[in-house]
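Fold and contact review
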Amino acid sequence: MFRNYLKIAVRTLWRNRLFTGLNVLGLSIGTAACWLIFQIVSYELSFDADHPNADRIYKIVSQFNFEGKASGNAGAPKPLAGAIRKEIGGIETVVGLHEQYVTSLQVPQATGKPIVFEDIDRVIATTGDYFKLVPYRWLAGDVANQLTKPNQVVLTKSRAERYFPNQTPAQMMGKTLLYWDTLAVEVTGIVADLGRSTSFADQEFLSLTTIQKGNLVKEFTEVWGNTGSNDQIYLLAEATADPDQLSRKINVLSATYSAAELKKWGDFSRKHQLLSLRDVHFGVDFTDNNRKANRNVLYALLGLAVFLLVLAIINYVNLSTAQLPQRAKEIGIKKTLGSRRTQLIANFLGETALVTLLACVVAYGWTQFFNNSFGDLLPEGIELYQNPLQTLGFVALLIIVVALLSGWYPGLLITRFQPTQILRGHLSVSIGENRFTLRKSLIVFQFVVAQVFIIGTLIWNQQLHYALTADLGFKREAIFTVQVPWKLLENPAYKGKQFALKQEFKRLPEVGAVSLGNPPFNQSFSSNTHKYKGKKGEVERNVYRKYVDNDLIRLYGMKLLAGRNLQISDTTNEYVINATAARAFGFANPQEAIGQRLTENGSSKPIPIVGVVSDFHTASFSQKIEPLALMTDKNSLGNFNIRMASNNPADWQAGIQKMEKLWKRTYPNSSFDYKFYDDMIEQFYTSERTTARIVNLATIIAIIISCLGLFGLATLTAFQRTKEIGVRKVLGASVASIVSLLSTDFLKLVLVAIVIASPIAWWAMNRWLQDFAYKIDIEWWVFALAGGLAVGIALLTVSFQSIKAALMNPVKS
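These numbers come from a predicted model, not from an experiment.

Before going further, it helps to examine the overall build of the chain. What the chain contains, in helices and strands, is 26 helices and 22 strands. For the chain, the residues scored as buried account for 50% of the 813 residues in total. Sequence-distant contacts, at least 24 apart, represent 81% of the contacts inside the chain between residues at least 6 apart. Of the roughly 39,200 Å² that the chain leaves accessible, carbon and sulfur atoms contribute 56%.

This is the structure in C-alpha cells:
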C-alpha cells in the first residue's frame, strides 16, 4: 500500500514538475533560513548550559551611576573576594581572578635560543579554588595542591602543546616558562580543554600570588574604590542559599569598605549584582574578554526564522491550491471509485512530506553555500559546536511541522469537490461567496512582510551610510595610524624615540603631517570629574580626556573657536576643551572659557583652559558628544597619526615603504602595523553592518518567496480565465488590454499590502533609530521607493503568465 502511494506521489510530482520545482525552491529557502538561525540560537543558548552546578554559580558584576548615567562593568573590587570569604555565609566557594595580558613569553630550550611567544591572551591569575568551580579533567598534576605557591602555572592541553610540541602531559610537568622574559614559572598541571561552549575560556592559570608578589602588574593593589573588568569574582552558593539575600549582603559589605573612597568621585554610586552563570554569556552590559550574545537579538532572529518559514509555507499553499483545477478529474475519479476523505488527505500530505523532504535536502545545500559565502556572519566558535542528535531532531520536527501546515489546507480543500460536478466539467474552486479570499489574504500577508523588510532595509542602510559619511568634525582622508607597542614605551632603551621618529617622518616628501596622540574617533580616552568655580558657584562635570601633541589639531583640521593650540610639555599643564565642555561648565561663549581654570578630582592643581575647539565625534552615532579635554603629556604619546601629502592612494605606497624602513631602524623587533583611519572608523559599526547584511539577505529571501506565491496565483488566474481571454481576443481585445486586465487584480493586492506595511515599518524603524543620538529623518520618499519596488517586482512576476495568456491562440482556448 505504502509503495503504491509513494509511486503515485512521485508520478504526480513529476507530472507537475514546474510547480514541484517552485514548491521545493520556496520551502528550501525558508527551511534553510530557519535551519541556519536554529544553529546560531542553539549554539548561543548552549553556553554554560551543561556546566555542573550552573544554577548555583554566580558572577559578581558592578553597576555604576555617574551624573545620572548608568553603566555596567564585568568586574568587582579585588578585596571583595576575600571579604566575602571571611564575612558572608551560605557560600561554598569564592574565586577571584585577574585577567592578565602577557606581552612576551619564552620557552627555554635545552640547546639553542629559547622560543619566544608574544602577545599571549587567555591568561588569568587565580587560586586553586578556581578548579572547584570549573571541573577540568586532569591529564597531569594534582588538583589538591594547585596554585598554592608563587611561580606556578596550569595549562590547558591545547596551550601546552603550543609551548611544548610533541611532548606528553607527563613530560611537560616541571617545565619552565619565562613570563615577561624575566619571571620563571613552573608548569604544575595540565588539564583537558573544556569540550563545550563556556564562559570559562582561559588557557593559562597562574597562581595569584605570582602576580601579587612579583609586582609585574602595574598598580596591582587591592583598593576598594577600583573596579576593572579584568578583576572578576565568581562564587558557588550553597544549595539552600537565597541569591537575593546574598546580593544584599554583598552590597552592604562593599559599601561599608568602599564608602570613603567612592565619596571622592562626587556624584557616583556603585552597586553589585549576582549574575547567574547561565546569564553571563548574555551580559552585554557587563563586557569582558569573552564574546557576548544579546538575548533580544536571538529572539529577533527566531522571529525572523518563523516569518520566513511561514512565508515559505504560504507559498506552498498558494502553489498547491493553484494546481487543484488541473487535478480535478484525478480527484473526481478517486472519489467515484470510493476513496475516502481521510485517504485523499493522506495522499496529499504524503506528497507534501515528500516535497518537504526534498526541500530539506536542497536546504542543506543552501546552508553550505551560506557558510562558505557569509560565514563571517556566524558567531565565533560555532564551527566547533556539534550536536548531531539535536540537529536531526530539529530537521525531523521541521519536516513534520512544515508538511502538516503546508498540506492540510489544500488536502482539506480537495475533499470538498463534488465528483459529479467535476466529471461533468462544472468545476469551481469557490469557497462560499468569496472566491479565493484566503489565498488573496495570504498573498497580501506575504507582501506585507516583504514590504516591511524592503522599507527596513532602505532606512537601515541609509542610517549606516549617514554614520559612515557624515561630517565627524575633523578630516579623515589620507590618514593612517601606527601604534608603538606599550612594552616599548615602557622600555628605558626606547624612551622618547617616537619623538625623533616623528621628525624623520615629517621630512619625507610623501608625508603631509605627523602627530602623536589619541585619534579623535576611537576609544582611547580616560575620564574624571572636573570642577570650575565661577561667579554663579561651583560646577562639577565629568570630562573625557585625550592625550595629544600640538600637531594633532592641525593634522585633523579641527577648528579652534577661541584661544590657541596646546604647547608640548612633559606633564599636563593646560587644556583645550571642546564646545560641549564649554557649555557644560556654563560659559556663555567659547572666548569666555579662555583663561579659566579647571580642577581635576583628586588634584589640587588648577589647569588653565587655553583653547576651545569645535565639537567632533569620538564614538559611534549612538552616543552623544560629551565634554572633552585635549591635553599633552609626553609619557602618554605612543600613537602616530600620519596624513599623506597626496589624496591619491596610488601615491602612498612609496611613502609607506620609506616609513617602514625608518620604523624598523628605530624599533627593530616591532612590525610596522599601520591602519587606515577610515577603516578604523568603520570598525565601530561592525555590529550595524553585520545586522544590515542579515536584513538585506532576509529581504531578498522574503521577496523571492513572495514572488513564487504570486506566480502561483497568476498561473491559477490565467488557467481559470482561459476561455474568457479567448472570447475577448475574438471580440478584438488587444494584448495590452488583456495583460492589464490580468495584472490589475494583483496590483490591488500589492497596494493593499503597501498600505498595511508602511505604518508598521515606520513604527519599527522609528523605534530602532531612537538608539542613535544622531540619526536620519524618515522621509516620505523611502515609502514611495519601497512601494514602487514592490509594484515593479509584482509586475515582473505576473507579467510572464499574463503575456503568455494574452498571446494564446483563441481557437485553442
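Right, picking up where we left off after that structure.
Here the focus is the environment of tryptophan 768. Here tryptophan 768 shows up in helix 25 (residues 735–769). Through-space distance from the C-alpha of tryptophan 768 to that of tryptophan 460 is 9.0 Å; in sequence the pair is 308 residues apart. Every residue in contact with tryptophan 768, bar those within four places of it in the chain, is listed here: Ile459, Trp460 and Gln463.

Note that serine 28 resides in helix 2 (residues 17–45). When neighbours within four sequence positions are excluded, serine 28 is seen to be in contact with Ala359, Val362, Ala363 and Trp366.

Further remarks concern the sheet that holds strand 13 (residues 511–516). Reading across from one edge, 13-21-12-22 is the order of the four strands in this open sheet, with antiparallel pairing throughout. Looking along the sheet, the strands with just one partner apiece sit at the ends: strand 13 and strand 22 (674–676). Going across the sheet, the axis of each strand differs from the next one's by a mean of 25 degrees, ignoring polarity. Across five bridges, the pairing between strand 13 and strand 21 (residues 639–644) is antiparallel. Bridging across to strand 21, valine 514 finds its partner in isoleucine 642. Against the sheet, helix 17 (residues 497–506) touches strand 13 and strand 21, its axis set at about 165 degrees to strand 13. Lying on the sheet, helix 21 (residues 652–666) is in contact with strand 12 (479–483), strand 13, strand 21 and strand 22; it crosses strand 21 at an angle near 150 degrees.

With that out of the way, let us pick up the pattern of salt bridges. Applying the stated criterion across every chain yields a total of 20 salt bridges. Residue aspartate 288 pairs with lysine 292 through a salt bridge whose shortest N-O separation is 3.4 Å. Neither aspartate 288 nor lysine 292 differs from the other in exposure class; each is buried. For glutamate 682, the salt bridge is made with arginine 689, and the minimal N-O distance between the two is 3.6 Å. Relative accessible area serves as the criterion here: at 34%, arginine 689 is assigned to the partly exposed category. Through salt bridges with shared partners, a single network forms among Lys502, Lys506, Asp549, Asp551 and Arg554.

Following both chains from N to C, one finds helix 3 (residues 80–87) and helix 8 (residues 243–263) inclined at 120 degrees, their axes separated by 11 Å at the closest point. Taken together, helix 3 and helix 8 sit at an angle that is classed as oblique. The handedness of the crossing between helix 3 and helix 8 is right-handed. Facing helix 3, whose interface residues are Leu80, Ala83, Ile84 and Glu87, helix 8 presents Ile250, Leu253, Ser254 and Tyr257. Tallied by class, residues from the contact of helix 3 with helix 8 come to six nonpolar, one polar and one charged.

Among the nonpolar cores identified, the biggest contains 93 residues, and Phe474, Tyr556, Leu630 and Tyr677 are the most heavily contacted of them. Considering every element that reaches this core, the biggest residue donor is helix 2, with 13 residues.

Among the residues of helix 17, Gln498, Leu501, Lys502 and Phe505 are the ones counted as buried. Down the axis of helix 17, the buried set is contained in an arc of 110 degrees. They therefore lie on one face. Packing partners of the buried residues in helix 17 comprise helix 16 (486–489), strand 13, strand 21 and helix 21.

Here we take up the pairing of strand 20 (residues 628–631). Each regular strand carries side chains that alternate between the two faces of the sheet. Where burial is concerned, the two faces of strand 20 agree: the one with Leu628 and Leu630 and the one with Ala629 and Met631 are both buried. Both strand 15 (residues 537–547) and strand 20 contribute to a ladder of four bridges, which runs parallel. By the bridge assignment for strand 20, tyrosine 547 is matched with methionine 631.

Unlike most non-glycine residues, aspartate 119 shows phi in positive territory, near 55 degrees. Along the polypeptide, aspartate 119 turns up in strand 4 (residues 115–126). Not every positive phi belongs to a glycine, and arginine 122 is a case in point at roughly 60 degrees.

The full count for this structure, using the stated rule, is zero disulfides. This cysteine, cysteine 360, is not joined by any disulfide, and cysteine 34 carries the nearest cysteine sulfur, 9.8 Å off. Judged by relative accessible area, cysteine 360 falls into the buried class, the value being 6%.

With that settled, the discussion passes to the packing of helix 17 against helix 21. Orientation of helix 17 relative to helix 21, taken along the N-to-C sense of each, is 155 degrees, at an axis distance of 11 Å. With respect to each other, helix 17 and helix 21 are oriented roughly antiparallel. Here the hand of the crossing between helix 17 and helix 21 comes out right-handed. Contacts from Lys497, Leu501, Glu504 and Phe505 in helix 17 reach Met659, Leu662, Trp663, Arg665 and Thr666 in helix 21. Split by residue class, the contact of helix 17 with helix 21 holds five nonpolar, one polar and three charged.

Scanning the model with the defined rule gives 38 aromatic pairs in all. For the ring pair phenylalanine 131 and tyrosine 136, a centre distance of 6.0 Å and an interplane angle of 70 degrees mean the geometry is edge-to-face. According to the relative accessible area criterion, phenylalanine 131 is buried, its value standing at 6%. Taken together, Phe480, Tyr494, Phe505, Phe640, Trp652, Trp663, Tyr667, Phe672, Tyr674 and Phe676 form an aromatic cluster joined through their ring pairs. Its guanidinium or amino end placed over the ring of phenylalanine 499, lysine 634 lies 5.7 Å from that ring's centre, counting from NZ or CZ.

The next subject is helix 3. Those residues of helix 3 that sit buried are Leu80, Ala81, Ala83 and Ile84. Buried residues of helix 3, seen end-on, are gathered within an arc of 165 degrees and therefore sit on one face of the element. Lining the buried residues of helix 3 we find strand 1 (57–66), strand 3 (91–107), strand 10 (231–237), helix 8 and strand 11 (268–276).

For lysine 506, the position within the fold is in helix 17. Lysine 506 sits in the partly exposed class, given a relative accessible area of 38%. Among all residues touching lysine 506, those that are not within four sequence positions of it are Val514 and Asp551.

Moving on to a nonpolar patch on the surface. On the surface, Leu25, Val362, Trp366 and Phe369 cluster together into a nonpolar patch covering about 330 Å² of accessible area. Examining the composition of the nonpolar patch, we find that three residues originate from one element, helix 12 (residues 341–373), more than from any other. You can see tryptophan 366 is positioned in helix 12. Judged by its relative accessible area of 34%, tryptophan 366 is partly exposed.

What counts and what doesn't
- Residues numbered from 1 in each chain as written.
- Predicted model: local features only at pLDDT ≥ 70, side-chain atom pairs only at ≥ 80, totals over all residues.
- Heavy atoms only, no water.
- Helix = DSSP H or I, 4+ residues; strand = E, 2+ residues; numbered from the N terminus.
- Buried < 20%, exposed > 50% of the residue type's maximum accessible area, 1.4 Å probe, protein only.
- Contact = heavy atoms within 4.5 Å.
- Areas by Shrake-Rupley, 256 points an atom, 1.4 Å probe, with all protein chains shown as cover.
- Pairing = 2+ DSSP bridges.
- Axes fitted to C-alpha atoms, helices over the stretch in contact; angles between N-to-C directions.
- Salt bridge = Lys/Arg side-chain N within 4 Å of Asp/Glu carboxyl O.
- Parallel < 35°, antiparallel > 145°, perpendicular 65-115°, else oblique.
- Left-handed = near helix turned anticlockwise from the far one by under 90°.
- Nonpolar A, V, L, I, M, F, W, Y, C, P; charged D, E, K, R; others polar.
- Core = buried A, V, L, I, M, F, W, Y, C linked by side-chain atoms within 4.5 Å.
- Arc of directions from axis to C-beta.
- Disulfide = S-S within 2.5 Å.
- Phe/Tyr/Trp six-rings, centres within 6.5 Å; stacked < 30°, edge-to-face > 60°.
- Lys NZ or Arg CZ within 6 Å of the ring centre and 35° of its normal.
- Patch = residues over 30% accessible without salt bridge, like charges linked within 9 Å, V, L, I, M, F, W, Y side chains within 5 Å.

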